[in-house]
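What the coordinates show
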Amino acid sequence: MTDELDRDDADTDVFETAGVGQTKETDNRWVELPPASMLTVEDADELLRWREASIIAIVGERNGGKTTLVVELYERFLRGPFAGTLFSHSLSVLGFERKSFQSRAESGAEKPDTPRTSTQDGLRFFHLAVSDEHLRRTDLLISERAGETYREVRDRPAGARDIVEVCKARTVVFILDGERVANPRQRAEAIASIRHLARAFTESNAISSHCEIQAVTTKWDLLRTDASAPAQKALDEFEKYFIATYSSRYAKVSVFRVAARDPEGVVEVGFGLAPLLRSWLEPVPQAAVTALPIPLLADEFDRLLARRLG
Amino acid sequence: MASNFVIMGLPASGKTTFLAALWHLVEAEETTSRLKLDKYEGDLSYLNRIAQAWRTFQKVPRTSQVGDVNVTIHLADRETEAKGAALFPDLAGETFDGQVEARRCRPEFVEAVANDDGILFFITADLKGEGMSVLELNSLMPTDDVGLLGADIAENRGEQEQAPPVAMDEWAPKKIPAQVRVVQILSDLLRPPFEPKLRRLAIIISAWDLTDGSGLEPQAWLNTHMPLVSQFLRSNEASFIYRAYGVSAQGVNLENRAAVDQMAEQPVPSRRIRVVGPKEDGHDLTAPLVWLMSKE
């Protein structure tokens, strides 16, 4: 039987008259498709013209874990529903993929990493749409910008109002680098960085009062042991200061601790990301409507209308 | 009944094998199928060649080897007696890879999708374990052994010598995992140049015999092994009505000669086919087509 099969293999070429292997390469007619990389400001504007989306501004100096946090959110959905939501859509799938690759086994890396965001890239957005259990969809535009730009704002607060993602945000996320908090020599400076950024954006009125602001401590895996007690105490105090300082100023102030990706694999991947994502999906606090002063109605038609409206 | 079906799927996802087995099934009439062949006419050379390969247990040549092929099969419904032509623009899987990587597609595809009565989207159950993270891989490694081995190696090399740096791959679009590709291809249908409409989509999980022993139904398989695709379809019910089918069109692993010999003794070749759906478990490869044409 095996011999018969061998003979068949040798004798039969089902495509011997059809030019097997000659792939049709002469047809050059193509239709271009929209890009699927990260969104530019123009792309984000275009999306906002036809669909409501919340802008989440991720603010912090370099190496704080801003990109890793967002990329790990995407990675959670590759493994199943996350934070009680379903992945619904993304216009930036290739952007997520590019930033995720160094955390994948296929990259050949021994430890997960995230490519650095260059200042030259300017402002970009990840797009992520998720649906709740009732299939109500929420679109998020999550900002991606090099930390050096935020450092400049810290040094020159006058530039804060040029940071468009913060001015238009539903939520401003101030990133506190947990690795630097864990290091006694860098702790005070790490906390000063987020304190200065929050102050610079607030005092320049760059953030809407209807906005939610958050202090998110990254790399929590480096802070959770007993040996980190002094760092935890400093963090507790900072979080109390943050809430006390800004609660009267903004619609909501909250603090989170996350470990998006513990390189040692001790803390569960995506620790703390679920409540953070859910907070971004809550209804945006409504702006209070202030009654505008009505000018003196001198015209007869205006007065007639005023009488009819009672 | 005049039905246009669009066949979509990544390379080697079983599209052409499905067509080959379908052509044999409806032409041979060895087993009962809801749809039967109505007319034996037109240029059948492509269908006959791929079905010949299927019948003789050869690998059915991939569409990329002969270029994109449009196939028309004249079918009749045994129950309703409705007749019509089913058009299958059988595009090479590489075309869909190009759609994800180069962000372009053929104008014929845009046209076909605008006029389709249903999409057959092929996903192979023969997964390659893509998308695993470094941390997930490390967690699978026996850490104690690695530590001991590492210590031995370090001792042999001497303390001064460092381990050679590991070569890291650069990202390229071809690195995108299959489930992400599938979601990107389906997402593209929601935006221009494609026409937004409610589409019927039969997810055909090919090489279904590889899932034997898992105990998973096709929908559960999709939830487990392609969770991003599953979430995307569930949350886009305004754009897609879908059903998942497990299909083993080849019926046997062609690399396994003993299994092929045994299967070749089967007097009714159509019984090689297996289709598992929400309401089906049999040999009727036309079941997904019947559902695509139905109002359910």
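Our focus in this paragraph is the overall build of chain A. The helix and strand tally for chain A stands at eleven helices and eight strands. The burial tally for chain A puts 49% of its 310 residues in the buried class. Long-range pairs, those at least 24 residues apart, make up 72% of the contacts in chain A with a sequence separation of at least 6. Of the roughly 15,800 Å² that chain A leaves accessible, carbon and sulfur atoms contribute 50%.

Turning our eyes to something else, we now look at the overall build of chain B. In terms of helices and strands, chain B carries eleven helices and ten strands. Split into buried and exposed, the 296 residues of chain B put 51% on the buried side. Pairs at least 24 apart in sequence give 76% of the contacts found in chain B among residues at least 6 apart. For chain B, the accessible surface area stands at approximately 13,400 Å², while carbon and sulfur atoms represent 50% of it.

Time to look at the packing of aromatic side chains. Within this structure, the stated rule accounts for 15 aromatic pairs over all chains. Aromatic side chains Y246(A) and Y250(A) sit 6.1 Å apart centroid to centroid with 35° between the ring planes, which places their arrangement in the tilted category. Relative to F194(B), the ring of F109(B) lies with its centre 5.6 Å away and its plane at 75°, an arrangement referred to as edge-to-face. Of the two residues, F109(B) sits in helix α4 (residues 107-114) while F194(B) sits in the loop between α7 (178-188) and β7 (199-206), which places them 85 residues apart along the sequence. Taken together, the aromatic side chains of F174(A), F201(A), F238(A), Y241(A), F242(A), Y246(A) and Y250(A) make up a single cluster linked through ring pairs. A cation over an aromatic ring shows up here: R104(B) above the ring of W30(A), its NZ or CZ 3.9 Å from the ring centre. Directly above the aromatic system of W30(A) lies the positively charged group of R106(B), at a separation of 3.8 Å from the ring centroid.

For the rest of this paragraph, the subject is the pairing of strand β1 (residues 3-9) of chain B. Residue and element names in this part refer to chain B. Counting buried residues along β1, six of its seven residues qualify, which places the element largely inside the surrounding structure. Sheet topology places β1 next to strand β6 (residues 118-124); five bridges connect them, and they run parallel. Paired with I7 across the strands is L120, a residue of β6.

Let's shift gears to the interface of chain A and chain B. In this assembly, 62 residues from chain A lie in contact with 62 residues from chain B. Across the chain A to chain B interface the summed buried area is about 5,700 Å²; carbon plus sulfur atoms make up 60%. There are one salt bridge connecting chain A and chain B. A salt bridge links E108(B) to R29(A), with the shortest nitrogen-to-oxygen separation between them at 2.2 Å. One can count 14 residue pairs in polar contact (both at pLDDT 80 or more) joining chain A with chain B.

Now for the sheet that holds strand β2 (residues 54-59) of chain A. Residue and element names in this part refer to chain A. Here we have seven strands laid out as an open sheet, ordered β3-β4-β5-β2-β6-β7-β8, and mixed in their pairing. At either end of the open sheet lies a strand with only one pairing partner, and these are β3 (86-89) and β8 (252-257). Strand-to-strand twist across the sheet, computed as the mean angle between neighbouring axes with direction ignored, equals 30°. Bridge count between strand β6 (residues 171-176) and strand β7 (residues 212-217): six bridges; the pairing is parallel. Each residue of the ladder has a partner; that of L176, found in β7, is T217. With respect to the sheet, helix α4 (residues 93-100) is in contact with β4 (124-131) and β5 (137-144), its orientation differing from that of β4 by roughly 110°. Relative to β6, helix α8 (residues 184-203) is tilted by about 160°, and along the sheet it contacts β2, β6 and β7.

Residues and elements named next belong to chain A. In this structure, S100 sits in helix α4. Note: C-alpha distance between S100 and V71 (29 residues apart in sequence) is 6.1 Å. Excluding its chain neighbours within four sequence positions, the residues that come into contact with S100 are V71, Y74 and E75. At 3.1 Å, the side chain of S100 and the side chain of E75 are in polar contact.

All names here are of chain A. At a closest axis distance of 10 Å, the pairing of helix α3 (residues 66-78) and α4 adopts a crossing angle of 110°. When the interaxial angle is binned, α3 and α4 end up roughly perpendicular. Between α3 and α4, the contacting residues are T67, V70, V71, Y74, E75 and L78 on the first element and V93, F96, E97, K99 and S100 on the second.

Further remarks concern the nonpolar core. Ranked by internal contacts, the top residues of the largest apolar core, which has 75 residues, are W280(A), F121(B), I203(B) and L233(B). Listed in part, the 45 residues of the second largest apolar core include A57(A), L141(A), F174(A) and F242(A).

What follows is about helix α3 (residues 93-101) of chain B. Looking at α3(B), one finds that the buried residues are G93(B), T95(B), F96(B), D97(B), Q99(B) and V100(B). The elements touched by buried residues of α3(B) are α4 of chain A together with β1, α1 (15-28), β5 (104-105), α4 and α7 of chain B. In the segment just after α3(B), R103(B) is the residue with positive phi, at about 55°.

Our focus in this paragraph is the state of the cysteines. Residues and elements named next belong to chain A. Inspection of the entire model under this criterion finds zero disulfides over all chains. With no disulfide of its own, C167 lies closest to C211 among cysteine sulfurs, the gap being 10 Å. Take C167: its relative accessible area is 28%, and that puts it in the partly exposed class.

Turning our eyes to something else, we now look at the pairing of strand β3 (residues 69-77) of chain B. The side chains of a regular strand alternate between the sheet's two faces. Residue and element names in this part refer to chain B. Burial within β3 is extensive, with seven of its nine residues counted as buried. Examined bridge by bridge, strand β2 (residues 35-39) and β3 share four bridges and lie antiparallel to one another. Bridge pairing links L37 to L75 in β3.

All names here are of chain A. A complete count under the given rule lists two cavities of 30 Å³ or more for this structure. Here the largest cavity is characterised by a volume of approximately 60 Å³. Around the largest cavity sit G60, E61, G64, I175, L176, D177, R180, A190 and S193, which together line it. Breaking the lining of the largest cavity down by element, the ones donating at least two residues are β6 and α8.

Definitions and cut-offs
Residues numbered from 1 in each chain as written. Chains lettered and ligands numbered in written order. Predicted model: local features only at pLDDT ≥ 70, side-chain atom pairs only at ≥ 80, totals over all residues. Heavy atoms only, no water. Helix = DSSP H or I, 4+ residues; strand = E, 2+ residues; numbered from the N terminus. Buried < 20%, exposed > 50% of the residue type's maximum accessible area, 1.4 Å probe, protein only. Contact = heavy atoms within 4.5 Å. Areas by Shrake-Rupley, 256 points an atom, 1.4 Å probe, with all protein chains shown as cover. Phe/Tyr/Trp six-rings, centres within 6.5 Å; stacked < 30°, edge-to-face > 60°. Lys NZ or Arg CZ within 6 Å of the ring centre and 35° of its normal. Pairing = 2+ DSSP bridges. Buried area = accessible area lost by both parts, 1.4 Å probe. Salt bridge = Lys/Arg side-chain N within 4 Å of Asp/Glu carboxyl O. Polar contact = N/O pair within 3.5 Å; in protein donor to acceptor, adjacent residues only side chain to side chain. Axes fitted to C-alpha atoms, helices over the stretch in contact; angles between N-to-C directions. Parallel < 35°, antiparallel > 145°, perpendicular 65-115°, else oblique. Core = buried A, V, L, I, M, F, W, Y, C linked by side-chain atoms within 4.5 Å. Disulfide = S-S within 2.5 Å. 1 Å grid on protein atoms, 1.4 Å probe; cavity = no way out; pocket = protein on both sides within 12 Å on 5 of 7 lines; lining within 4 Å. Points joined across faces, edges and corners; volume = space filled by probe spheres on them.

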